[in-house]
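Residue-level structure breakdown
Spelled out, the chains give:
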Amino acid sequence: MYKNALRGGVRTAKQAWRLKNEIGKLNLEVAKANTEFEQHLCEAARPIQSCYPATATQPQLLNPSENNSKSSCNQNYSYTSNNQKNCNVANHYRLFANVSPSTFDKHSNAHIRRTETAHLNELISSKQFFKVQKQFYRDYSSVSLGASLKNSDAPLLGDLCNQYRAILAYTSADVGPGQKAGQPQQQQTRRAHTQQETRVQQQEEVNGMAQKLEFKRLPTNVVPKHYELLLQPDLEAFTFKGKTIVQVQVKEPTTQIVLNALDIIIEEAQLEFECTKLKPDRIVYSTDAETATLEFEQSIPAETAGVLHMSFTGELNDKMKGFYRSKYFTSSGEERYAGVTQFEATDARRCFPCWDEPAIKATFDITLVVPKNRVALSNMPVKKEDALDGGLRRVRFDRTPIMSTYLVACVVGEYDFVEGKSEDGVIVRVFTPVGKREQGQFALDVATKVLPYYKDYFNIAYPLPKMDLIAISDFSAGAMENWGLVTYRETFVLVDPKNTSLMRKQSIALTVGHEIAHQWFGNLVTMEWWTHLWLNEGYASFVEFLCVHHLFPEYDIWTQFVTDMYTRALELDSLKNSHPIEVPVGHPSEIDEIFDEISYNKGASVIRMLHDYIGEDDFRKGMNIYLTRHQYGNTSTEDLWTALQEASSKNVAEVMSSWTQYKGFPVVSVESEQKGKSQRILRLSQRKFTADGSQADEDCLWVVPISVSTSRNPTAIAKTFLLDKPSMEVVLDGVSASDWIKINPGTVGYYRTRYSKEMLEQLMPAVKNMELPPLDRLGLIDDMFAMVQAGHASTADVLALVDGYRNETNYTVWTAITNSLTNLHILISHTDLMDDFHRFGRNLYEPVAQRLGWEPRDGENHLDTLLRSLVLTRLVSFRSNDVIEVARQRFRSHINGTNLLPADLRSTCYKAALQDGDEKVFEEMLAMYRTTDLHEEQDRISRALGCSTDVKLLRRVIDFAMSGEVRAQDSVFVIVAVAINPKGRDMAWEFFKTSNKQLLERYQGGFLLTRLIKYLIENYASEEKAKEVEEFFRVTQIPGCERTVSQAVETIRLNAAWLERDRAKLSTYLKSV
Ligand SMILES: [Zn+2]
């Protein structure tokens, strides 16, 4: 998922909430039409023993006569395999054929599984498997999408699945929590089972009373192998109905089936196995555990392959999770709704009853019944379409590979699309709002180029025949990597060449690169549990930069990595309320909360450090081992280390475990001593870095890969070594007394550096004359600001050093300076030093603004365009009269239509016009918002509104954010714009205090709400406010926001201490410049 929606930006579904009570009133015509589908499903499911090849991987328990005589079903077992294609597996079972049934106990069963797993692992990485897979893609590529695939000679993926069912059906779905495939699981299963019973009992006892129960994963006594899923949304009544037929494997005798279900009603359920049809006596829901328990009177025998039929209904909600409605407008202005799914992390259960855990993988045959004039999409290409009565159409999709439930996706709505094909034959389409087809072209270009690039990089072909990207009007995250159908916020995929800024285009390239990386890393190989989420997100966040660097070398994207990912991670990770990359999570509300800078940014940063440590070639080799070995399976962090270790022969696990298992990171203090003419002794020591400078509670020791550069050759690494002790000495040869020494060149290591005074003084001239490379100038200034915040240096001293950056030319270095000064700006807003600080800022930024001017030069480089808008925007906020005057004039010409502003300068000019603008300007901006239909432009305008310094207008901005004119996904960011404006800070917080129920209702928790809370509170700077916020959240419980609140309160206290410590000196310094 791409969580960074901060720069994203639409209209809430205002007249939501029609009718929970209308669920189930779907018309009879539709029901009739569906009987055919049911027939199809039943046919597919009926010959369970002969057609359900999953059983071929398991010892099948049959009556020797193969009569389905019920009375003898549990006696006289023999073992058969009815799928000779899986001969290797079958042969394996034959080895056991002579074993007496009575001795074939659970122990030997476990032994079989162990051996079988080893065998299947071998098979899965065999050349034969890849050969068939490749042939399939070659053949498929000649078939145009939408045509009936049955007409082609190419083997369908479904056929492929049948052929390789043994591989595809055997997943870690068979494995309980904490177990590795092949290990005995009975004990765990039994325990889980007992807990489940207790839970249901408690549920009954409390009868709806809120009682927080300990979270448990689903029991593993019954697991799904394959789902047939039909969904039929009603896009006017905002309901949906569905049916699912799940092929399940019962591992142990049970009277219960526990699965996930939330906000849906299971209307009917029936389990068929062998000759028996069982209906549950009752279905017990637990809203707390988000489960439904089907309770049967009769016990279901062990080793049963059964088929579970369920029909269900639900609301097409407006919460942007599960199966939800997304509002859009037709070209004539008519309001309509699309039906869209968003399942990660745990919301597939809001759409259909399922085993909604990443390790419980299965294959899916998805069918949608939709109005005949709507586009219907899912993970796989269309296999068959039929017209139904009542203006409906039934669309059946091909079978998916084995995959996790959170990656299932469906979209039903009105869209245009552009289509292309990657050079390796994958069909790529980008779906856009109707009439905006050409806005999908940029993403199409990126996606078609990226697929072969990743194929080469990972040395594994993209596993599906098609890749769809689609812009969704109401979308809470930035994008979501559903296999074969990636969903995006409009601003994260659509490019309007005239109106899209370069910065946005760059974000879109990164997002597309990120989601497509997930198709391998996440979808093909999936984390075993959410604790390992960072494997998905950290890795995709690293690879998106590889991809953009490959496609757009002119973006100099690796330098931007440091300000975009690395420094943001360090900032959050220095808090006491940070968390380790690997964090034990259970309940869904906890899972939502870890889609944060630690999983993404720190994850990507430590992977970049590792990449640097083992080198590109071994990194690639290791990735290929990892992906090949675990494809269609699940992994934990150690599996990645093992593969990289094999490839590099370096002790990866030992180096990396401290980075994933400890919270925070070290600060490396360094001193140097010259020995003779050409030797320098470096004395290094490490300890945990804390944002407040205090001694850390934990006694952590990291294994830090350190590299060093010197003025002899600023771009080369002079020495590398591991700092794996609290302190050590290193000798550098060939260094004279006048040479500077830089630790962590390239700012790759995930740590801060604290130089001795002498070493820092030697370095500063190299900053001024830009002898030090950009990433080193950047890292140095960022570390210095962190030392200031921690009280190890004074703000005034560092501001004096910042002056050394006045001649800086590099965009990314300026971004780092700007980020640090923005933090300081917040602090100063609590003092009377604002005018002085503005003067300091103008002095610092004016030279670079003068160099760049307002007009882009011919052939200007990408980074200068970005730098211009950064610097001019800063000068607007530093109240530079000259810049504000030009910006206002340009805004006027833009409004009049005499001279349209380039997209890159619009935010700057909008802010300048609004900052001291009156109601007239405000109305003009609103009018502009209402006339544009480009989401990016609406975003730009609505976020600029918060710049106003007129309190009355700021109040209107909040009302506007909550009105139906701003999409629910964007309201948060409009309010944030008010909250980060010192004039709006209290107002936004007061608004939240009175409206938190409404907001909670609107977002149902989730990271939009956590974002809002973070920005509302973290900019205060007094103990009094910290206490007020704590008290508010103690009384007002908002599940899933606990960590964010603790982090923000900690930041308030850091601000307060910083201010207290530095106020006097800062005042003296700022008044003197
Ligand atoms: Zn992601």
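Here the structure is a predicted model, which means the values were calculated and not measured. (Residues numbered from 1 in each chain as written. Predicted model: local features only at pLDDT ≥ 70, side-chain atom pairs only at ≥ 80, totals over all residues. Heavy atoms only, no water.)

**Focus on the overall build of the chain**
Helix and strand counts for the chain come out as 33 helices and 31 strands. Within the span of the chain, comprising 1073 residues, buried residues form 66% of the whole. Accessible area for the chain stands at about 39,000 Å²; split by element, carbon and sulfur atoms hold 49% of it. (Helix = DSSP H or I, 4+ residues; strand = E, 2+ residues; numbered from the N terminus. Buried < 20%, exposed > 50% of the residue type's maximum accessible area, 1.4 Å probe, protein only. Areas by Shrake-Rupley, 256 points an atom, 1.4 Å probe, with all protein chains shown as cover.)

**Some words on the sheet that holds strand S28 (residues 719-723)**
As summarised here, the arrangement of the 3 strands in space is S28-S27-S30, forming an open sheet in which the pairing is antiparallel. The sheet terminates laterally at S28 and strand S30 (741-743), the two strands that pair on one side only. Neighbour to neighbour, the strand axes of the sheet diverge by 25° on average, direction disregarded. Where strand S27 (residues 704-710) lies against S28, 5 bridges are found, and the strand directions are antiparallel. Across the sheet, residue Pro705 finds its bridge partner in S28, namely Leu722. (Pairing = 2+ DSSP bridges. Axes fitted to C-alpha atoms, helices over the stretch in contact; angles between N-to-C directions.)

**Thoughts on the side chain of Gln969**
By secondary structure assignment, the location of Gln969 is in helix H29 (residues 968-979). A residue is classified by how much of its surface remains accessible, and Gln969, at 0% relative accessible area, is buried.

**Points about the environment of Thr330**
As for its position among the elements, Thr330 is in the loop between strand S11 (322-329) and strand S12 (335-342). By relative accessible area, which is 17% here, Thr330 ends up buried. When sequence neighbours within four positions are dropped, the list of residues in contact with Thr330 reads Arg336 and Glu414. (Contact = heavy atoms within 4.5 Å.)

**A few points about the sheet that holds strand S4 (residues 239-250)**
Strand order in this open sheet of 8 strands is S7-S6-S10-S4-S3-S13-S16-S15, and the pairing throughout is mixed. On the outer flanks of this sheet lie strand S7 (276-278) and strand S15 (382-388), each paired with one strand and no other. The sheet shows a mean angle of 15° between the axes of neighbouring strands, taken without regard to direction. Relative to strand S10 (residues 304-315), strand S6 (residues 264-273) runs antiparallel, the two sharing 9 bridges. Following the sheet pairing, Ala269 is matched in S10 by Met310.

**Structural notes on the environment of Gly391**
Secondary-structure assignment places Gly391 in the loop between S15 and strand S16 (392-397). With relative accessibility at 33%, the residue Gly391 sits in the partly exposed group. Between the C-alpha atoms of Gly391 and Asn373, which are 18 residues apart in sequence, the distance is 8.4 Å. Setting aside anything within four residues of it in sequence, one finds Gly391 in contact with Val370, Pro371 and Lys372.

**Comments concerning the packing of aromatic side chains**
Inspection of every chain in the model, using the stated rule, returns 50 aromatic pairs. Each ring, one from Trp659 and one from Tyr750, has its centre 6.3 Å from the other, and the planes form 80°; the classification is edge-to-face. Taken together, the residues Trp659 in helix H17 (residues 652-661) and Tyr750 in the loop between S30 and strand S31 (752-755) connect sequence positions 91 residues apart. Neither Trp659 nor Tyr750 differs from the other in exposure class; each is buried. The ring centre of Phe238 lies 4.1 Å from the NZ or CZ of Arg325, which sits over that ring. (Phe/Tyr/Trp six-rings, centres within 6.5 Å; stacked < 30°, edge-to-face > 60°. Lys NZ or Arg CZ within 6 Å of the ring centre and 35° of its normal.)

**Section: helix H25 (residues 903-915)**
In this model H25 runs 19 Å from its N-terminal to its C-terminal C-alpha over 13 residues, within 8% of the 18 Å that 1.5 Å per residue would give. The buried fraction of H25 amounts to 10 of the 13 residues, a majority that puts the element mostly inside the structure. Those residues of H25 lying buried are Ala903, Leu905, Arg906, Thr908, Cys909, Tyr910, Ala912, Ala913, Leu914 and Gln915. For H25, the elements touching its buried residues are helix H23 (862-877), helix H24 (881-896), helix H26 (919-931) and helix H27 (935-944). (Expected span 1.5 Å × (residues − 1).)

**Here we look at unusual backbone geometry**
Note that the residue after Glu344, namely Ala345, is joined by a cis bond; omega there is 5°. Mapped onto the secondary structure, Ala345 falls in the loop between S12 and strand S13 (363-371). The backbone phi angle of Asp556 is positive, close to 50°, even though this residue is not glycine. Of note, the phi angle at Tyr632 is positive, near 65°, even though the residue is not glycine. Here Tyr632 shows up in the loop between helix H15 (616-630) and strand S24 (633-635). Classification of Tyr632 as buried rests on a relative accessible area of 5%.

**Some points on the environment of Glu214**
Residue position: Glu214 is located in the loop between helix H8 (186-206) and strand S3 (222-234). Here Glu214 falls in the exposed class, since its relative accessible area comes to 60%. Note: C-alpha distance between Glu214 and Asp288 (74 residues apart in sequence) is 9.8 Å.

**Quick notes on the packing of helix H10 (residues 502-518) against helix H11 (residues 533-551)**
One can describe the packing of H10 onto H11 by two numbers: an axis separation of 8 Å at closest approach and a directional angle of 125°. As far as their axial angle goes, H11 and H10 are oblique. Pair H10 / H11 crosses with right-handed handedness. Residue-level inspection shows Ala509, Leu510, Gly513, His514, Ala517 and His518 of H10 in contact with H11, the latter providing Asn536, Glu537, Ala540, Ser541, Val543, Glu544, Phe545, Cys547 and Val548. Broken down by class, the residue content of the contact of H10 with H11 amounts to 8 nonpolar, 5 polar and 2 charged. (Parallel < 35°, antiparallel > 145°, perpendicular 65-115°, else oblique. Left-handed = near helix turned anticlockwise from the far one by under 90°. Nonpolar A, V, L, I, M, F, W, Y, C, P; charged D, E, K, R; others polar.)

**Quick notes on the pairing of strand S8 (residues 282-286)**
Pairing of S8 with strand S9 (residues 291-300) involves 5 bridges; the strand directions are antiparallel. Residue pairing in the sheet places Val284 in a bridge with Thr293 of S9. Remark: 4 residues form the turn of the hairpin made by S8 and S9, two consecutive strands paired antiparallel; Glu290 in that turn has positive phi of roughly 55°.

**As for the nonpolar core**
Grouped together as the largest cluster of nonpolar side chains are 312 residues, with contacts concentrated most on Trp355 and Phe992. Considering each element in turn, this core owes the most residues, 12 residues, to H11. (Core = buried A, V, L, I, M, F, W, Y, C linked by side-chain atoms within 4.5 Å.)

**A short note on the packing of helix H19 (residues 774-789) against helix H21 (residues 811-828)**
At a minimum axis separation of 8 Å, H19 and H21 run at an interaxial angle of 10°. Comparing the axis directions of H19 and H21 gives the class roughly parallel. Contacts between H19 and H21 involve Pro774, Arg777, Leu778, Ile781, Asp782 and Phe785 from the former and Thr812, Val813, Ala816, Ile817, Ser820 and Leu821 from the latter. A class-by-class count of the residues in the contact of H19 with H21 yields 8 nonpolar, 2 polar and 2 charged.

**As for helix H18 (residues 757-768)**
Taking 1.5 Å per residue, 12 residues should reach 16 Å; H18 reaches 17 Å between its end C-alpha atoms and fits that length. Turning to H18, its buried residues are Met759, Leu763, Met764, Ala766 and Val767. Buried positions in H18, seen along its axis, are confined to an arc of 165° and lie on one side of it. Looking at H18, the residues exposed on the side facing more than 90 degrees away from the buried face are Lys757, Glu758 and Lys768. On the buried face of H18, the contacting elements are strand S25 (666-675), strand S26 (679-688), S30, S31, H19 and helix H20 (795-802). Downstream of H18 by one or two residues, Met770 has phi in the positive range, about 55°. (Arc of directions from axis to C-beta.)

**Here's the deal with the pattern of salt bridges**
One pass over the structure, following the stated rule, counts 68 salt bridges. With a shortest N-O distance of 2.8 Å, Lys576 and Asp692 are connected by a salt bridge. Note that Lys576 is positioned in the loop between helix H12 (557-573) and helix H13 (588-593) and Asp692 in the loop between S26 and S27, a separation of 116 residues in sequence. With a relative accessible area of 37%, Lys576 lands in the partly exposed category. (Salt bridge = Lys/Arg side-chain N within 4 Å of Asp/Glu carboxyl O.)

**Here's the deal with the pairing of strand S20 (residues 466-472)**
The buried fraction of S20 is high, at 7 of 7 residues. Neither face of S20 is exposed, since Lys466, Asp468, Ile470 and Ile472 on one face and Met467, Leu469 and Ala471 on the opposite face are all buried. Alignment of strand S19 (residues 427-432) against S20, held across 5 bridges, turns out to be parallel. Considered in S20, the bridge of Arg429 is made with Asp468. Of the pairings in the sheet, the one linking S20 to strand S22 (residues 485-489) comprises 5 bridges and is parallel in character.

**Observations regarding the confidence of the model for the chain**
For the chain, mean pLDDT is 82; residues scoring 70 or higher make up 80% of the total. Confidence drops under pLDDT 50 across residues 4-35; counting only partners more than four residues distant or on other chains, this segment forms 104 contacts. Here residues 40-110 is modelled with pLDDT under 50, and outside its nearest four sequence neighbours on either side it reaches 112 contacts, counting other chains as well. (pLDDT = per-residue confidence, 0-100.)

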